[in-house]
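# Descriptive analysis of the structure
As a plain string of letters, each chain reads:
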Amino acid sequence: MSQKIPIRKFSFRIIVFSVIVAGLSLLFQWLFPQYATPALPFIVLFFFVITLLTLYIVLRNNDGQEGKRFVSAYMLSRTVKILSCLLFLFLYMFLNQKDAIKFAIAFMVIYFLYAIFEVVVLKKENE
């Protein structure tokens, strides 16, 4: 049996989505530099990498089996993602206290964009 969502298909979608988010973040930095964190491109890159990694965890052994195995893999991927995000967020905020508020706001906005993207893609493909 084959995977419901091929990793290549998801990878292509996440690349396109990340390019769009990166373009919008660069536009935001250009239009509103006083509100933008200089770390904005790194936030997008972080979420691109962590989303690929966590979805790989879910999709790598999904050989058509439903139920507990998929749910376990998905919950593991969510745990890895949340812990990685918290570590990245707190580490940056600790090291760059002057930029902490702008960074935290940008981080949360991009976190929710990627979370919505993930849910929409997984839901659409598993219907």
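Residues numbered from 1 in each chain as written. Predicted model: local features only at pLDDT ≥ 70, side-chain atom pairs only at ≥ 80, totals over all residues. Heavy atoms only, no water.

The next subject is the overall build of the protein. Of regular secondary structure, the protein possesses four helices and zero strands. Order of helices (α) and strands (β) in the protein, N terminus to C terminus: α-α-α-α. Residue burial in the protein is summarised as follows: out of 127 residues, 37% are buried. Of the contacts formed within the protein by residues at least 6 apart in sequence, a portion of 72% connects residues at least 24 apart. On the protein, roughly 8100 Å² of surface is accessible, and the fraction owed to carbon and sulfur atoms is 74%. (Helix = DSSP H or I, 4+ residues; strand = E, 2+ residues; numbered from the N terminus. Buried < 20%, exposed > 50% of the residue type's maximum accessible area, 1.4 Å probe, protein only. Contact = heavy atoms within 4.5 Å. Areas by Shrake-Rupley, 256 points an atom, 1.4 Å probe, with all protein chains shown as cover.)

Below, the discussion takes up the packing of aromatic side chains. Within the structure shown, the criterion is met by 15 aromatic pairs. On the numbers, 5.3 Å between centres and 80° between planes, the contact of Phe-46 with Phe-47 is edge-to-face. Taking the relative accessible area as the measure of exposure, Phe-46 reaches 16% and is therefore buried. When the centroid spacing of 6.0 Å and the interplanar angle of 50° are considered together, the rings of Phe-88 and Phe-103 count as tilted. (Phe/Tyr/Trp six-rings, centres within 6.5 Å; stacked < 30°, edge-to-face > 60°.)

Taken as a whole and assessed by the stated rule, the structure comprises two salt bridges. Across the salt bridge formed by Arg-78 and Glu-118, the nearest N and O atoms sit 2.7 Å from each other. Placement of the pair is Arg-78 in helix α3 (residues 68-95) and Glu-118 in helix α4 (residues 100-125), with a sequence separation of 40 residues. Residue Arg-78 is classed as buried on the basis of its relative accessible area, which comes to 14%. Here Glu-118 falls in the buried class, since its relative accessible area comes to 1%. Measuring nitrogen to oxygen at the nearest pair gives 2.6 Å for the salt bridge that ties Lys-81 to Glu-118. Taken together, the positions of Lys-81 in helix α3 and Glu-118 in helix α4 put the pair 37 residues apart, joining distant regions of the chain. Taken together, the shared-partner salt bridges in this structure form one network comprising Arg-78, Lys-81 and Glu-118. (Salt bridge = Lys/Arg side-chain N within 4 Å of Asp/Glu carboxyl O.)

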